[in-house]
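Listed here are the chains, written in short residue letters.
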Amino acid sequence: MLKLNDLNAAKSWDNENFVHPWEGMGVIGENDRTFVEGGEGVYVVNENGERLIDGPGGMWCVQIGYGRDDMADAMADQVRQMAYFSPFNNTNSVTARLAHEIAARTPGDLNHVFFTTGGSTAVDSALRFVQFRNNLLGKPDKKTVISRHKAYHGSTYLAASVSGKERDRLWLDKAEGVAHFLPDVNPMHRGDGVSMDAFLDAKVLDLENAILTLGADKVAAFIAEPILASGGVIVPPPGYHKRCLEVCRRHDVLYISDEVVTGFGRLGHWFASEEVFGITPDIITCAKGMTSGYVPMGAAIISDRLIDDISGAASQDATFSNGYTYSGHPVSAAAALKNMEIIESEGILEHARAVTPLFQERLQALSDLPIVSDARGMGLMGCVECSSGDVASLERDYALGGVIDAFCQANGLILRPIINMCVFSPPLIINEAQINQMFDILAQGIRHAADQMAVQPS
């Protein structure tokens, strides 16, 4: 708990000096954010010393929970031994071991690990590699990347340019001509009388028609999140990823699986691409759960096939001149290795699979509340989408989400409100009692918001 003078000073500094991600210019300098000052297990502690369940798991990332002394010790030991090395000129055994351990858990021949600083730079690096490879293969025009509306792939320039969340693109420039966007893949919007099978056929046809219209000689890759996380935990229809991969194979289009959120256990497996969705992509991007959020790190994992096409005698002595000062940072690598060790030794993947049925059952039950328009999810990911009624507007949707968020925080639960959606991805160590408590509080918050705003079922 912060002392009053310290808290007042911190609030002042936060508003005067700390520009946050997605900072609203209309209220900059006037925010009253929750200070998260401590954490243990699935709980965070605010500036008043109150414990709250961390519903979003930080930002989809705190797999093993907060306050792990073994993680702190592993990082401190690495700092004492070697805090930094230049990945441009040297290497390090800790980072080399991490690359090996990751490759041992990826599907198929995805064995080449390019380390980055986070998810956005992982996606940027994957896209730059695809461009680089096609240049070496004599296909300089094969550069278009196909993505989806509601997809989110990052905040760096290329990653943002292939992201399809419309409000994120209103005021920021993007790289023109890089991306082509397919319609929303959310089954909630499939229309009355449209079966899931018919919707699936239409979504797969979206992709094939786009490739044929743009020209397969122009399309380099299709990038897809297994579950569209920041778009609102959108779960595509069953079989979608497998059939999209088949389309890509027919037309020599690479498949990039953006597992920044789903990787490292969110769906109960190291990676979801093969184990959950039955596909072996050409590239996987990951970050977040890789270190359980303890330090920044990400990676683009590239298949042997893609490397073999442009290496050795076929290389033309080219250099993939992409990288970061902190690529493969040894302290981050030590944290990632300890994180993986904890996940394995404590059976956290198995635990996540064991508690998923209750998580999803409690999530789906919220559909019965009057203002809930959809409750969806998979694994330990979920979204409850609420409706602000017949006179819905963006302003009213924001207000509705704000009321639910404030109620839940006051009663021991942190949400991630995305306008009128409440998004969940709690630490993978969450137990059944905590799952029940989390959804009990959310249900109360939704009922409170319905009463507070006099929302009628739509």
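As shown above, the structure is provided for reference.
Residues numbered from 1 in each chain as written. Predicted model: local features only at pLDDT ≥ 70, side-chain atom pairs only at ≥ 80, totals over all residues. Heavy atoms only, no water.

What about a nonpolar patch on the surface?
Moving on, step 1. A contiguous nonpolar patch, built from Val19, Met25 and Ile28 and spanning about 300 Å² of accessible area, is present on the exposed surface.
Moving on, step 2. By the element assignment, Met25 lies in the loop between helix H1 (4-17) and strand S1 (36-40). (Patch = residues over 30% accessible without salt bridge, like charges linked within 9 Å, V, L, I, M, F, W, Y side chains within 5 Å. Areas by Shrake-Rupley, 256 points an atom, 1.4 Å probe, with all protein chains shown as cover. Salt bridge = Lys/Arg side-chain N within 4 Å of Asp/Glu carboxyl O. Helix = DSSP H or I, 4+ residues; strand = E, 2+ residues; numbered from the N terminus.)

A few points about the sheet that holds strand S7 (residues 219-224)
Moving on, step 1. The seven strands lie next to each other as S4-S10-S9-S8-S7-S5-S6, forming an open sheet whose pairing is mixed. The sheet is open, and its two edges are formed by strand S4 (110-116) and strand S6 (179-182), each paired on a single side. Strand-to-strand, the axes of this sheet are offset by a mean angle of 20°, without reference to chain direction.
Moving on, step 2. Strand contacts of helix H4 (residues 93-103): S4 and strand S10 (298-303), with the helix running at about 135° to S4, the strand carrying the most contacts. (Pairing = 2+ DSSP bridges. Axes fitted to C-alpha atoms, helices over the stretch in contact; angles between N-to-C directions. Contact = heavy atoms within 4.5 Å.)

So, the nonpolar core
Moving on, step 1. Among the nonpolar cores identified, the biggest contains 67 residues, and Leu98, Ile102, Met290, Ile404 and Leu442 are the most heavily contacted of them.
Moving on, step 2. Filtering out sequence-adjacent residues up to four positions away, Met290 remains in contact with Leu98, Ile102, Phe115, Phe264, Met297, Gly298, Ala299, Ala336 and Asn339.
Moving on, step 3. Counting 24 residues, the second largest nonpolar core, distinct from the first, contains Phe132, Ile256, Ile283 and Ile307. (Core = buried A, V, L, I, M, F, W, Y, C linked by side-chain atoms within 4.5 Å. Buried < 20%, exposed > 50% of the residue type's maximum accessible area, 1.4 Å probe, protein only.)

Here we look at the packing of helix H7 (residues 196-214) against helix H8 (residues 240-250)
Moving on, step 1. Contact pair H7 / H8: the axes reach a minimum separation of 10 Å and the direction vectors enclose 20°. Between H7 and H8, the angle falls in the class roughly parallel. In this structure, H7 meets H8 at a crossing whose hand is right-handed. Contacts from Leu200, Asp201, Lys203, Val204, Leu207, Glu208 and Ile211 in H7 reach Tyr240, Arg243, Cys244, Val247, Cys248 and Arg250 in H8.
Moving on, step 2. Its residues assigned to classes, the contact of H7 with H8 comprises eight nonpolar, no polar and five charged. (Parallel < 35°, antiparallel > 145°, perpendicular 65-115°, else oblique. Left-handed = near helix turned anticlockwise from the far one by under 90°. Nonpolar A, V, L, I, M, F, W, Y, C, P; charged D, E, K, R; others polar.)

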